[in-house]
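# Secondary and tertiary structure notes
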Amino acid sequence: MDAGFYVPVRIIGGENCVKKGTQHFAPFGQLALIVCGKSAARNGALDDVKSALAANGQHGIVYDGIPQNPTVACVVEGARLAREHRVNFVVAIGGGSPMDAAKAIAMLACQDAPEGLFAHKIGAAVLPMIHIPTTAGTGSEVTPYAIITNDELQTKQSISSPALFPHVAFLDGKYMASLPQDVTVNTAIDAISHAVEGMLSVRAGGMSDLFARQALALLMGEYESLLAGSYTPAGRQNLLYGSTLAGMVIANTGTTPVHGMGYSLTYFHGVPHGRANGLLLANFLKECEKIWPGSTRKVFDALGMDVQEFAAKLKALLGRRKKLPEEELRSFAARAAKNKNVRNCRVPFTEENLYTVLKRSVG
Ligand code: NAP
Ligand code: ZN
């Protein structure tokens, strides 16, 4: 069994870890660009970062122009600011959107991409990054991916390079105390999907499976809290550690057709990323079993339940689902079939299999 695994991120976890870990900001230089959205960072994380920088005699410029599903325009603007102010490093505060945008900004601050962001072959020169998640789902703080909206192809697209790994990730569940229930559930489902998809990747190995199993134990261990919408500080921390572990899984395995299909639900219907994956996940697993009986055994062994129970649990979290017209299901299946995530799955999916999953999930 392949045992390769690579995640070169220093992880500092626990309550008040940013304030207690000021020394981890010190090596990166005098001036930081702090990348965030309009609201989430103001839940205490931004103040903690500013005081950590001040404790070291460092400074930060705040760029809070990152929308959900970050655009090329917002990362180009962030890179312009980084260059104009000659910042030495980037601090990302927020969910996957600011964390991903920060990676593209840190790269474009050092590299021109004359052929465009998505065609650019990413070189090693990237500003150092410190990531502070305020959602527990994407695992972006430990992945080499930045998912940016590509309006030309009408989808979301990943840019990827080992140079995009952050240097440091601070994991403090207290920043999630302000997270609305729908975002908490959607992001937790994203992390569950990462762990499950990682186990079915062609690149899955003994180590990634180990991390996936532990991620699922932590995430599903908080299932009743997710259902009730009531969280203890320890529960928030468990969700965060679970999502970081699941991020480490996909850093090594990549994702599969669930993400490939989910991008269309997000791009064309504004379905939040994690919810899009959750809507598709159970039917994806059923289709895997149909194509290759036994292929999902290790997933359900890790979950400690069968597919019916897992589907019912997801359904209870997701609530009512919108139904899409037939022509859209066909077009989303065709789009997903071209996505590299499909070839990354150890179970071979045809366009017809993808259509079946979409039809059963949102048809
Ligand atoms: P998000 O788009 O970053 O944030 C969703 C919303 O939640 C925003 O309005 C945000 O506010 C708000 N929010 C975040 N933290 C909050 C908090 N603590 N309290 C109150 N509100 C808060 O959501 P996400 O699901 O974390 O990220 C999704 C993105 O990550 C997608 O673009 C997806 O493609 C990407 N992704 C990346 C990877 C990877 O490996 N890089 C993996 C999976 C997904 P603000 O507007 O203030 O930010
Ligand atoms: Zn995801």
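Quick caveat, the model's predicted, so the values are computed rather than measured.

### Considering the coordination of the zinc ion (ligand 2)
- Within the protein, the atoms that donate to the zinc ion (ligand 2) are Asp 190 (OD), His 194 (NE2), His 259 (NE2) and His 273 (NE2), at distances of 2.1 to 2.2 Å.
- Classification of the site at the zinc ion (ligand 2) as irregular follows from its 4 donor atoms and the range of 84 to 169 degrees in their angles at the metal.
- When the donors of the zinc ion (ligand 2) are listed by position in the chain, the intervening gaps give D-x3-H-x64-H-x13-H. Pair noted here: His 259 is in helix 9 (residues 257-269) and His 273 is in helix 10 (residues 273-291), with a separation of 14 residues, a long-range link.

### Some points on the site of ligand 1
- As a matter of local geometry, ligand 1 sits amid 30 residues, with Ser 39, Ala 40, Ser 97, Thr 135 and Lys 156 nearest to it.
- One nitrogen or oxygen atom from the main chain of Ala 40 is found 2.7 Å from an oxygen atom belonging to ligand 1.
- Contacts to ligand 1 include Gly 96, whose backbone N or O atom sits 2.8 Å from an oxygen atom.
- For ligand 1, whose accessible area on its own is 930 Å², the fraction buried by protein is 90%.
- At the level of secondary structure, the elements contributing two or more residues to the shell around ligand 1 comprise helix 4 (96-108), strand 6 (145-150) and helix 5 (181-199).

### Here we look at the sheet that holds strand 1 (residues 10-13)
- Ordered in space as 1-8-5-4-2-3, the 6 strands form an open sheet in which the pairing is parallel. Here the strands that pair on one side only, and so sit at the sheet edges, are strand 1 and strand 3 (59-63). For this sheet, the mean angle separating the axes of adjacent strands, direction not counted, is 20 degrees.
- Judged from the 5 bridges that link them, strand 2 (residues 31-35) and strand 3 form a sheet pairing that is parallel. Counted as the bridge partner of Val 35 is Tyr 63 from strand 3.
- Here helix 2 (residues 45-55) sits on the sheet and contacts strand 2, strand 3, strand 4 (89-94) and strand 5 (129-133); the angle it forms with strand 4, its principal contact strand, is near 155 degrees.
- In the packing of helix 3 (residues 72-84) onto the sheet, contacts are made with strand 2 and strand 3, and the angle to strand 3 comes to roughly 155 degrees.

### Things to note about the side chain of Ser 193
- Structurally, Ser 193 can be placed in helix 5.
- Apart from the residues lying within four places of it in its own chain, the contact partners of Ser 193 are Gly 198, Val 258, His 259, Asn 277 and Leu 281.

### Considerations on unusual backbone geometry
- With a phi close to 60 degrees, Asn 16 is a non-glycine residue in the positive phi region.
- Within the secondary structure, Asn 16 sits in the loop between strand 1 and helix 1 (17-20).
- We classify Asn 16 as partly exposed; its relative accessible area is 26%.

### As for helix 2
- Among the residues making up helix 2, those that are buried are Ala 45, Leu 46, Asp 48, Val 49, Ala 52 and Leu 53. Along the axis of helix 2, the buried residues cluster in a sector spanning 160 degrees; they form a single face. Seen from the open side of helix 2, the exposed residues pointing more than 90 degrees away from its buried face are Asp 47, Ala 54 and Ala 55.
- Those residues of helix 2 that are buried are in contact with helix 1, strand 2, strand 3, strand 4 and strand 5.
- Looking one or two residues beyond helix 2, the residue adopting positive phi is Gly 57, at roughly 75 degrees.

### Focus on the packing of aromatic side chains
- Following the criterion strictly, the structure yields 8 aromatic pairs and no others.
- Ring centres 5.3 Å apart and planes at 25 degrees place the aromatic pair Phe 284 and Phe 349 in the stacked group. Linking Phe 284 in helix 10 with Phe 349 in the loop between helix 14 (340-343) and helix 15 (351-362), this pair joins segments that are 65 residues apart in sequence.
- The ring of Tyr 231 carries Arg 236 above its face, with NZ or CZ at 4.1 Å from the centroid.
- When the ring centre of Tyr 223 is taken as reference, the NZ or CZ atom of Lys 313 above it lies at 5.1 Å.

Conventions we followed
Per-chain numbering applies: the sequence of each chain, read as written, is numbered from 1 onward. Here chains are named by letter from A upward and ligands by number from 1 upward, in the order in which they appear as written. Only residues with pLDDT of 70 or above have their local features reported here, since the model is predicted, and side-chain atom pairs are shown and tallied only from 80 upward, although totals for entire chains, interfaces and linings are computed over all residues. Side-chain metrics rest on all non-hydrogen atoms present in the structure, leaving aside hydrogens and water. Only nitrogen, oxygen and sulfur atoms qualify as donors, provided they sit within 2.8 Å of the metal or within 3.2 Å for Na, K and Ca; with water excluded from the atoms, sites may seem incomplete. Under the classification used here, a metal with four donors is tetrahedral if each angle lies between 85 and 135 degrees, square planar if opposite donors are over 155 degrees apart and the others between 65 and 115, a six-donor metal meeting that same test is octahedral, and anything else is irregular. Secondary structure elements are taken from DSSP: a helix is a run of H or I of four residues or more, a strand is a run of E of two residues or more, and numbering for both begins at the N terminus. For each residue, the test is whether any non-hydrogen atom lies within 4 Å of the molecule or strand; if one does, the residue is near. Any N or O atom pair separated by 3.5 Å or less is treated as a polar contact, with the protein-specific requirement of one donor-capable and one acceptor-capable atom, and with residues adjacent in sequence counted only for side-chain atom pairs. The method behind every accessible area is Shrake-Rupley, applied with a 1.4 Å probe, and residues are considered shielded solely by the protein chains displayed. Between any two strands, pairing holds if DSSP finds at least two bridges. Only the stretch in contact is used when a helix axis is fitted, and all axes are lines through C-alpha atoms; the angle between N-to-C directions ranges over 0 to 180 degrees. Every residue pair with non-hydrogen atoms within 4.5 Å of one another is taken to be in contact. Here's how the labels work: a residue is buried when its accessible area is under 20% of the maximum for its type, exposed when over 50%, partly exposed in between, all with a 1.4 Å probe on protein chains only. Starting at the helix axis, one direction is taken to each C-beta atom, and the arc is that of these directions. Stacked, tilted and edge-to-face are the three classes applied to pairs of Phe, Tyr and Trp rings, where Trp contributes its six-membered ring and a pair requires centres within 6.5 Å; stacked means planes under 30 degrees apart, edge-to-face means over 60, and tilted covers the rest. Each ring is checked for a lysine NZ or an arginine CZ that lies within 6 Å of its centre and within 35 degrees of its normal; such an atom marks a charge sitting over the ring.

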